[in-house]
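Working through the structure, step by step
So the chains spell out like this:
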Amino acid sequence: MQETQPTKEHPLLRLFLSAATLIALVVMVVVLATKGTRNSISLGPDNEGISIDSTQLKSVRDIGQWEFLTVSDEELVDSTAGRLLGSDRQITRIYYGTLRLGIDMTKLGDKAIRLHEDTLDVKLPPVQLLDQEFIDETRTRSFYEKGSWSHSDRKALYEKAKRQMESRCLTEDNFNITQARAVEEVARLFESMGYAYVDVHF
């Protein structure tokens, strides 16, 4: 009777099976290790940093309008108008205004605050005039007035005073001052939250 010999296992096959088993174990360990933390951070599509969580972002946005520079101004505005009959009309008024420059933290983008290793990168929205109605009409005074003037006439004077104040106060120097103060104050805010290195920019 013919006797059957057992088949010998090839050494390369054994090595291949061992390597495959080892790779499968490594994959399982990685999956289990990351499963519990998958929802705790948000990676951007470019993998350049980690966004802070939504709760922290909301708390920063809730600051709302953050004022860094206040500029007070007064403008003397006049107007004359002739009439077909009678004397010319003249009016001169003094307007007082307070222009507030700062940033609106509600405009922070979802990826505006990101952690790069040990440095927090903060990109602020642009500096802006926080309140468009900056003239205090309760302080407006008529310096000289001759003849009768309608509501639309006085509204035109108001708009002229507003343009003069914007031209005088919304300067490049004032915007630069506001930006410098914003960088300093925002960096101090995040440092108080426990971040050792903060890079704030526009």
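Use the structure listed above.
Attention here is on the structure that accompanies the text. (Residues numbered from 1 in each chain as written. Predicted model: local features only at pLDDT ≥ 70, side-chain atom pairs only at ≥ 80, totals over all residues. Heavy atoms only, no water.)

1. A word on the side chain of Asn174
- With respect to the helices and strands, Asn174 occurs in helix H4 (residues 172-192).
- The exposure class of Asn174 is buried, given its relative accessible area of 16%.
- Setting aside residues up to four positions removed in sequence, Asn174 forms contacts with Leu69, Val71, Leu101 and Cys169. (Helix = DSSP H or I, 4+ residues; strand = E, 2+ residues; numbered from the N terminus. Buried < 20%, exposed > 50% of the residue type's maximum accessible area, 1.4 Å probe, protein only. Contact = heavy atoms within 4.5 Å.)

2. Overview of the packing of aromatic side chains
- On inspection of all chains with the given rule, the structure shows three aromatic pairs.
- Arranged with centres 6.3 Å apart and planes meeting at 70 degrees, the rings of Phe190 and Tyr195 form a pair that is edge-to-face.
- A relative accessible area of 2% means that Phe190 is categorised as buried.
- A residue is classified by how much of its surface remains accessible, and Tyr195, at 18% relative accessible area, is buried.
- The ring of Trp149 carries the charged tip of Arg89 above its face, separated from the ring centre by 4.5 Å.
- When the ring centre of Tyr96 is taken as reference, the NZ or CZ atom of Arg139 above it lies at 4.2 Å. (Phe/Tyr/Trp six-rings, centres within 6.5 Å; stacked < 30°, edge-to-face > 60°. Lys NZ or Arg CZ within 6 Å of the ring centre and 35° of its normal.)

3. Topic: a nonpolar patch on the surface
- Taken together, the side chains of Leu76, Phe143 and Tyr144 make up a nonpolar region of the molecular surface, amounting to roughly 350 Å² of accessible area.
- Mapped onto the fold, Tyr144 is located in strand E8 (residues 141-146).
- Residue class for Tyr144 comes out partly exposed when judged on its relative accessible area of 39%. (Patch = residues over 30% accessible without salt bridge, like charges linked within 9 Å, V, L, I, M, F, W, Y side chains within 5 Å. Areas by Shrake-Rupley, 256 points an atom, 1.4 Å probe, with all protein chains shown as cover. Salt bridge = Lys/Arg side-chain N within 4 Å of Asp/Glu carboxyl O.)

4. Digging into the pattern of salt bridges
- As enumerated under the stated definition, the model contains eleven salt bridges in all.
- Arg100 is the partner of Glu67 in a salt bridge, and the nearest nitrogen-oxygen pair spans 2.7 Å. You can see Glu67 sitting in strand E3 (residues 65-81) and its partner Arg100 sitting in strand E4 (residues 89-104), a full 33 residues away along the chain.
- We classify Glu67 as partly exposed; its relative accessible area is 32%.
- Here Asp73 ties to Arg168 by a salt bridge, and the two come within 3.7 Å at their closest N and O atoms.

5. Description of the pairing of E4
- With respect to burial, E4 is a largely interior element, 13 of its 16 residues being buried.
- Strand direction decides the pairing type here: E3 and E4, joined by 16 bridges, are antiparallel. Bridge pairing in E4 links Asp78 to Thr92.
- One ladder, built from five bridges, connects E4 with E8; its direction is antiparallel. (Pairing = 2+ DSSP bridges.)

Interpretation note: all reported values are geometric properties and have no functional meaning in isolation.
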